[in-house]
Amino acid sequence: MPDQPEASVVIPTRSRWHLLSTAALPSALEQADVDVEVIVVDDGSQDETPSRLEELDDPRLRVVRHETSRGVAVARNAGIAAARGRWVSFLDDDDLWAPAKLRKQIDSAEATGAVFAYSAGGGLDAARTFLFAVPPPDPASVTEQLLQWNVIWCGCSNVLARSDVVAELGGFDEQLGQLADWDLWIRLALAGRAAAARDILVGYVMHEESMLLTDGRDVFPEIEYLAEKHRAAHEAYGIELDQALFSRWVARGHRRAGRRVRAARTYATGAVRHRDPGALVRAAAAFLPERAIDASRQVAGVERRSSLQKLPVPEPPWVARFRRDVA
């Protein structure tokens, strides 16, 4: 491997070898036509992850170990500090990449002089069966869009950025948890040009172990912190964070995790605070099964505000390689 690889991949993980070993790790190591190093940041794993990582014999793989968990933002920053590549990309341990992900994003960025790049993403179920695609936001307006909502889908697993720019920006804000990626994307967009690849290069796996469902902490202080941190940019562009949509997003996470009372309360609070009648309908339906909730929306004729533009397209060929059995 060259002294400076073309790209570094940072994968934070904690006690999820069954996901890391079948999703993120093969995705990163099977990248084509690019000199890559893969940095796994083991954030205090208590399972077989440390021993299994030691058994792997691949010169492209490096491991940073935290004996106790320090949080995902700290873990990603530890990976950034260890990275040697000109480009750095982030990959959650449960998500998937097409083999051409890094190559196509690097080419898109270098062709336009962009400091970061992203692509279309796919939504997958727990068995990693393809469900839908989400197109990338227009690079010409992505700054304005990010100041309203996190329009770069697939969480941290989508973006590739110039390592020097990420370092200058200070990496991920360690005061944030679930919104740390959104904050960094805003700062990257304010710092330079973006580029987008239209191909579906990332797979976001929706399952019961996702951070959105397992992290029950109150995330509303994070959105308030984010709004205050970027107040100057919001004023300059005349754009505000979409607090109503954020409230719905939080409530939906509680509902999918089975926290029905918190979901109903969050929907109801958002309906009043943001004058969002659709959220009030969802509050009333929060205790129904998911299919019944979808039906109630259609019967009520409520406008379906969503953060996603879901496109029914054929499954990309690379997805089948990651299929798994789910009990």
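Before any of the text, the structure's been laid out above.
Described below are features of the structure shown in this document.

## Structural notes on the overall build of the protein chain
Alright, step 1. Each helix and strand counted, the protein chain has 15 helices and 9 strands in total.
Alright, step 2. For the protein chain, the residues scored as buried account for 53% of the 327 residues in total.
Alright, step 3. A sequence separation of at least 24 residues applies to 77% of the contacts in the protein chain between residues at least 6 apart.
Alright, step 4. Surface accessibility of the protein chain: about 14700 Å² in total, with carbon and sulfur atoms responsible for 49%.

## Some thoughts on helix α13 (residues 260-273)
Because an α-helix completes one turn every 3.6 residues, residues spaced three or four positions apart along the sequence face the same direction.
Alright, step 1. In this model, α13 (14 residues) spans 20 Å end to end at C-alpha, consistent with the 20 Å of a helix rising 1.5 Å per residue.
Alright, step 2. Downstream of α13 by one or two residues, R275 has phi in the positive range, about 50°.

## A closer look at the side chain of S8
Alright, step 1. Considering the arrangement of structural elements, one finds S8 in strand β1 (residues 7-13).
Alright, step 2. Aside from chain neighbours lying at most four places away, what touches S8 is E37, A83, R84, G85, W87, V88 and S89.

## Things to note about the packing of aromatic side chains
Alright, step 1. Across all of its chains, the model carries 9 aromatic pairs by this definition.
Alright, step 2. With 6.5 Å between their ring centres and 35° between their planes, F90 and W185 make a pair best called tilted. Taken as a pair, F90 in strand β4 (residues 87-90) and W185 in helix α8 (residues 180-191) lie far apart in primary sequence, 95 residues in all.
Alright, step 3. Looking at F90, the relative accessible area reads 1%, which means it is buried.
Alright, step 4. Their ring planes at 50° and their centres at 6.0 Å tell us that F116 and Y118 sit as a pair that is tilted.
Alright, step 5. Given the relative accessible area of 0%, F116 is considered buried.
Alright, step 6. Look at Y118 and you get buried, because its relative accessible area is 0%.
Alright, step 7. Taken together, the ring pairs in this structure connect F90, F172 and W185 into an aromatic cluster.
Alright, step 8. If you follow R76 out to its NZ or CZ, it ends over the ring of F172, 5.4 Å from the centre.
Alright, step 9. Across the ring face of F322, the terminal group of R321 is positioned such that the distance to the ring centre comes to 4.8 Å.

## Focus: the side chain of D181
Alright, step 1. Looking at the element boundaries, D181 is found in helix α8.
Alright, step 2. R76 is the oppositely charged side chain nearest to the buried, salt-bridge-free D181, at an N-O distance of 6.1 Å.
Alright, step 3. In this structure D181 touches N150, G155, C156 and F172, once residues within four positions along its chain are discounted.

## Notes on helix α5 (residues 101-112)
Alright, step 1. Spanning 12 residues, α5 covers 17 Å between terminal C-alpha atoms, matching the ideal 16 Å at 1.5 Å per step.
Alright, step 2. Along α5, the positions that sit buried rather than exposed are K101, L102, R103, Q105, I106, S108 and A109.
Alright, step 3. Positioned one or two residues after α5, G113 has a phi angle of 70°, which is positive.

## Some words on the environment of Y267
Alright, step 1. Looking at the secondary structure, you find Y267 in helix α13.
Alright, step 2. Exposure remark for Y267: the relative accessible area of 2% places this residue in the buried category.
Alright, step 3. A sequence separation of 19 residues divides Y267 from R248, and the C-alpha atoms of the two residues are 6.3 Å apart.
Alright, step 4. When near neighbours in sequence (up to four residues on either side) are disregarded, Y267 contacts R248, A251, R252, R255, A279, R282, A283 and A286.

## Observations concerning the packing of α8 against helix α10 (residues 220-229)
Alright, step 1. For the pair α8 and α10, the least separation of the axes is 11 Å and the interaxial angle reads 15°. Of the possible angle classes, the one that applies to α8 and α10 is roughly parallel. Crossing handedness for the pair α8 and α10: right-handed. For the pair α8 and α10, contact is made by W182, D183 and R187 and by I223, L226 and K229, respectively.
Alright, step 2. By residue class, the composition of the contact of α8 with α10 is 3 nonpolar, no polar and 3 charged.

Reading the values: rules and limits
- Residue numbers here run from 1 along each chain, matching the order of that chain's written sequence.
- Since the coordinates come from a predicted model, pLDDT governs what is reported: local features require at least 70, and pairs of side-chain atoms require 80 or more to be given and counted, while whole-chain, interface and lining totals use all residues.
- Here the side-chain values reflect all heavy atoms present in the structure, with hydrogen atoms and water set aside.
- Helix and strand labels come from DSSP, where a helix needs a run of H or I of at least four residues and a strand needs a run of E of at least two; each type is numbered from the N terminus.
- Type-normalised accessible area, obtained with a 1.4 Å probe on protein chains alone, sets the label of each residue: buried when under 20%, exposed when over 50%, and partly exposed for intermediate values.
- What makes two residues a contact is simply this: any of their non-hydrogen atoms within 4.5 Å.
- Note that accessible areas follow from Shrake-Rupley with a 1.4 Å probe, and for residues the cover is restricted to the protein chains shown.
- One less than the number of residues in a helix, times 1.5 Å, gives the span that helix is expected to have.
- Pairing of aromatic rings covers Phe, Tyr and Trp, the last counted by its six-membered ring, and requires centre-to-centre distances within 6.5 Å; plane angles under 30 degrees mean stacked, over 60 mean edge-to-face, and any other angle means tilted.
- Two thresholds decide whether a charge sits over a ring: the Lys NZ or Arg CZ must be within 6 Å of the ring centre and within 35 degrees of the ring normal.
- Residues scored as charged are limited to Lys and Arg (positive) and Asp and Glu (negative), so that His and the chain ends carry no count.
- Each salt bridge in this description consists of a side-chain nitrogen of Lys or Arg and a carboxyl oxygen of Asp or Glu lying within 4 Å of one another.
- Here an angle of 0 to 180 degrees is reported between the N-to-C directions of two axes, which are lines fitted to C-alpha atoms, with helices fitted over the stretch in contact.
- Put simply, angles under 35 degrees are roughly parallel, angles over 145 are roughly antiparallel, angles from 65 to 115 are roughly perpendicular, and the rest are oblique.
- Handedness of a crossing follows from how the near helix is turned relative to the far one, being left-handed for an anticlockwise turn of less than a right angle and right-handed for a clockwise one.
- Gly is put with the polar residues, along with every residue not named as nonpolar or charged; the nonpolar set is Ala, Val, Leu, Ile, Met, Phe, Trp, Tyr, Cys and Pro, and the charged set is Asp, Glu, Lys and Arg.

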